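So the chains spell out like this:
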Amino acid sequence: MGKVKHELWLFSKAQVTAQLATLTDFGVSILLYELFGMWYVAASFIGAVSGGIVNCLLNYRWVFGSDGQKKRYVALKYLLVWTGSILLNTGGTYALTELSGHYFVIAKAIVSVAVALLWNYQMQRFFVYRNKHITK
């Protein structure tokens, strides 16, 4: 039962950091689109980059821990996963917005949830921050 509790606690902490990263992502995206008139795809991309930075820093420090891994090594793995995430989020937001004709934030929210659960958490958990501490 200890492993299950550990996994639930880890997932819960990851969801808190994901929500903070999402607030950053959406805040930047909406600000750039609404206040500065930036094209929604570019605003969505910049928002995703901003949220990704927040997520990486919080996950490294609080959720998964570094367990002695060099920051450069973690950053490189995170960059690979983050690139996939940005492509999935930006492309998915564009595709869903164009197909549905709705305000881009609705599409962005739907795509963000799917990418967060199916890509981001899985790849960070088992690839980026994979270390002895996590696999116990």
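Computed from a predicted model, the values in this text were never measured in an experiment.

**Details of the pattern of salt bridges**
As enumerated under the stated definition, the model contains three salt bridges in all. For Glu7, the salt bridge identified is with Arg125, shortest N-O distance 2.5 Å. Highlighted residues: Glu7 in helix 1 (residues 2-34) and Arg125 in helix 4 (residues 104-128), separated in sequence by 118 residues. Residue Asp25 pairs with Lys108 through a salt bridge whose shortest N-O separation is 2.8 Å. With a gap of 83 residues between them, Asp25 in helix 1 and Lys108 in helix 4 connect regions that are remote in the sequence. Linked through salt bridges whose partners overlap, the residues forming this network are Lys3, Glu7 and Arg125.

**Here we look at the packing of aromatic side chains**
The tally for this structure, following the rule as stated, stands at nine aromatic pairs. Counting every residue linked through ring pairs, the aromatic cluster contains Tyr33, Trp39, Tyr40, Tyr103 and Phe104. When the ring centre of Trp62 is taken as reference, the NZ or CZ atom of Lys13 above it lies at 5.3 Å.

**Here we look at the layout of surface pockets**
It is a probe the size of a water molecule, rolled over the atoms, that shows where empty space is left. Each pocket or cavity is described by its volume, and for the largest pocket that value is around 480 Å³. Along its surface, the largest pocket is lined by 28 residues, and Ala18, Thr22, Ser112, Ala116 and Asn120 are the ones closest to its centre. When its residues are assigned to classes, the lining of the largest pocket shows 15 nonpolar, twelve polar and one charged.

**Some remarks on the side chain of Ser112**
Structurally, Ser112 is set in helix 4. For Ser112, a relative accessible area of 13% translates into the label buried.

**Some thoughts on the packing of helix 3 (residues 71-100) against helix 4**
Across the interface, helix 3 lies against helix 4 with an axial gap of 9 Å and an inter-helix angle of 155°. Looking at the two axes, helix 3 sits roughly antiparallel to helix 4. In terms of crossing hand, the pair formed by helix 3 and helix 4 is right-handed. Per-class residue counts for the contact of helix 3 with helix 4 are 15 nonpolar, nine polar and two charged.

**What about the packing of helix 1 against helix 4?**
One can describe the packing of helix 1 onto helix 4 by two numbers: an axis separation of 11 Å at closest approach and a directional angle of 145°. Considering how the two elements wind past one another, helix 1 and helix 4 form a crossing that is right-handed. Judged by residue contacts, Glu7, Leu10, Phe11, Ala14, Gln15, Asp25, Phe26, Ser29, Ile30 and Tyr33 of helix 1 engage Phe104, Val105, Lys108, Ala109, Ser112, Leu117, Tyr121 and Arg125 from helix 4. Here the residues of the contact of helix 1 with helix 4 sort into eleven nonpolar, three polar and four charged.

Quick notes on the rules
- Residues numbered from 1 in each chain as written.
- Predicted model: local features only at pLDDT ≥ 70, side-chain atom pairs only at ≥ 80, totals over all residues.
- Heavy atoms only, no water.
- Salt bridge = Lys/Arg side-chain N within 4 Å of Asp/Glu carboxyl O.
- Helix = DSSP H or I, 4+ residues; strand = E, 2+ residues; numbered from the N terminus.
- Phe/Tyr/Trp six-rings, centres within 6.5 Å; stacked < 30°, edge-to-face > 60°.
- Lys NZ or Arg CZ within 6 Å of the ring centre and 35° of its normal.
- 1 Å grid on protein atoms, 1.4 Å probe; cavity = no way out; pocket = protein on both sides within 12 Å on 5 of 7 lines; lining within 4 Å.
- Points joined across faces, edges and corners; volume = space filled by probe spheres on them.
- Nonpolar A, V, L, I, M, F, W, Y, C, P; charged D, E, K, R; others polar.
- Buried < 20%, exposed > 50% of the residue type's maximum accessible area, 1.4 Å probe, protein only.
- Axes fitted to C-alpha atoms, helices over the stretch in contact; angles between N-to-C directions.
- Parallel < 35°, antiparallel > 145°, perpendicular 65-115°, else oblique.
- Left-handed = near helix turned anticlockwise from the far one by under 90°.
- Contact = heavy atoms within 4.5 Å.

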